[in-house]
Amino acid sequence: AHTPAEILGLVTGNAAWPRAVFVNGKFDAALSSLGALDGAKVTTLSAAIRETPDFVSSHLGKLASFDRQAFTAFNTAFAQDGLVVRVPKGVKVAAPLHVIHAADAQAAGSMLHPRLLVVVEPLAEFAVVESFVSLKGTEYLTNAVAEVFVGNGARVHHYKVQQEARDAFHVGTVQATQGRDSLFHSFSYAAGARSEEHTSELQSHLNLVCRLLLEKK
């Protein structure tokens, strides 16, 4: 079994941040620590489908359309699990949520399909860091999809750091929608994987700020 210290030693960030850890596409509660979320609601996708099916069905797949992108269709069809985040109106979450996706030797020859759904209601503030790392150097494909809903007057920061094995392949899609007077900042940094493809799409309204940055080492 892996340890929190082993996982945290591979990523960039503060160990005190609340974190959700997935190993080979499956949520690992023992490695995760979801305290200090200041009122934000964080659940696995499988739990959210059971507990709040109407909320999930009204958001999941509404931005990342599986009929236009083949890899999004694969993610929608084969995602083993994922994370659903809901930040209520006016709530300001102080610390970033760190979502860590780790692959080990058991991922060899497989496709991993992480899914992230973030809904930030009006006037709320939230930041999320997605880290993709490898515990063992092996060949696999990560196909990650994130959907981000930014309400009127809300502020959302999204950071993605890809440091997977050099034999790995990575495909990432971030699709967001912004309300009026909102801010969405998305930054993606890639230092691993043999091949990476990253796509960002935005649906927006008037009076907003959007920053999309991509850096590959």
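Each remark here, short or long, concerns the structure printed above.
Computed from a predicted model, the values in this text were never measured in an experiment. (Residues numbered from 1 in each chain as written. Predicted model: local features only at pLDDT ≥ 70, side-chain atom pairs only at ≥ 80, totals over all residues. Heavy atoms only, no water.)

Student: Which parts of the structure should I look at to understand the side chain of H101?
Tutor: The topology assignment puts H101 in strand β5 (residues 97-103). Beyond its immediate chain neighbours, meaning those up to four positions away, H101 contacts F22, P114, E130, S131, F132 and V133. (Helix = DSSP H or I, 4+ residues; strand = E, 2+ residues; numbered from the N terminus. Contact = heavy atoms within 4.5 Å.)

Student: Looking at this structure, I do not really get the nonpolar core. What am I missing?
Tutor: It is characteristic of soluble globular proteins that their nonpolar side chains tend to be buried jointly. Residues L83, V85, V87, L97, V120 and F126 are the most contacted members of the largest nonpolar core, which totals 26 residues. The set of elements that each furnish at least two residues to this core consists of β1 (19-23), β4 (82-87), β5, β7 (115-120), β8 (125-134), β9 (141-150) and β11 (169-178). Ignoring anything within four residues of it in the chain, the contact list for L83 reads A20, F22, V42, T43, T44, L45, L97, V99, R115, L116 and L117. (Core = buried A, V, L, I, M, F, W, Y, C linked by side-chain atoms within 4.5 Å. Buried < 20%, exposed > 50% of the residue type's maximum accessible area, 1.4 Å probe, protein only.)

Student: Got a minute to help me understand the pattern of salt bridges in this structure?
Tutor: Oppositely charged side chains are able to pair whenever their charged atoms sit close together. What the rule picks out here adds up to 2 salt bridges. A salt bridge links R86 to E121, with the shortest nitrogen-to-oxygen separation between them at 2.9 Å. In this pair, R86 sits in strand β4 while E121 sits in the loop between β7 and β8, placing the two residues 35 residues apart along the sequence. A salt bridge links R115 to E147; the nearest nitrogen and oxygen atoms lie 3.0 Å apart. Of this pair, R115 sits in strand β7 while E147 sits in strand β9, and the two are 32 residues apart along the sequence. Under the relative-accessibility criterion, R115 is labelled buried at 5%. Its relative accessible area of 0% is what places E147 among the buried residues. (Salt bridge = Lys/Arg side-chain N within 4 Å of Asp/Glu carboxyl O.)

Student: What exactly am I supposed to notice about the packing of aromatic side chains here?
Tutor: Aromatic rings considered in pairs are described by the distance between their centres and by the relative angle of their planes. Per the stated rule, a full pass over the model turns up 2 aromatic pairs. With 5.5 Å between their ring centres and 65° between their planes, F22 and F27 make a pair best called edge-to-face. Ring centres of F71 and F74 lie 6.1 Å apart, and the angle between their planes is 75°; this geometry places the pair in the edge-to-face category. In this pair, F71 and F74 are both assigned in helix α4 (residues 70-78), 3 residues apart and thus about one turn of the helix distant. In this structure F71 comes out as partly exposed when scored by relative accessible area, which is 32%. (Phe/Tyr/Trp six-rings, centres within 6.5 Å; stacked < 30°, edge-to-face > 60°.)

Student: I would appreciate a short explanation of the environment of A102 in the present structure.
Tutor: Secondary-structure assignment places A102 in strand β5. Along the primary structure A102 and S131 are separated by 29 residues, whereas in three dimensions their C-alpha atoms are 8.2 Å apart. Those residues in contact with A102 that lie beyond four places of it in its chain are I7, F22, V23, N24, V133 and L135.

Student: Would you mind showing me how to read the pairing of β11 here?
Tutor: Regular strands have side chains that alternate between both faces of the sheet. In terms of burial, β11 is a largely internal element, 9 of the 10 residues being buried. Two strands pair when backbone bridges link them, and β9 and β11 are joined in this way by 10 bridges, in the parallel orientation. Residue A146 lies in a different strand from β11, and its bridge partner there is V174. (Pairing = 2+ DSSP bridges.)

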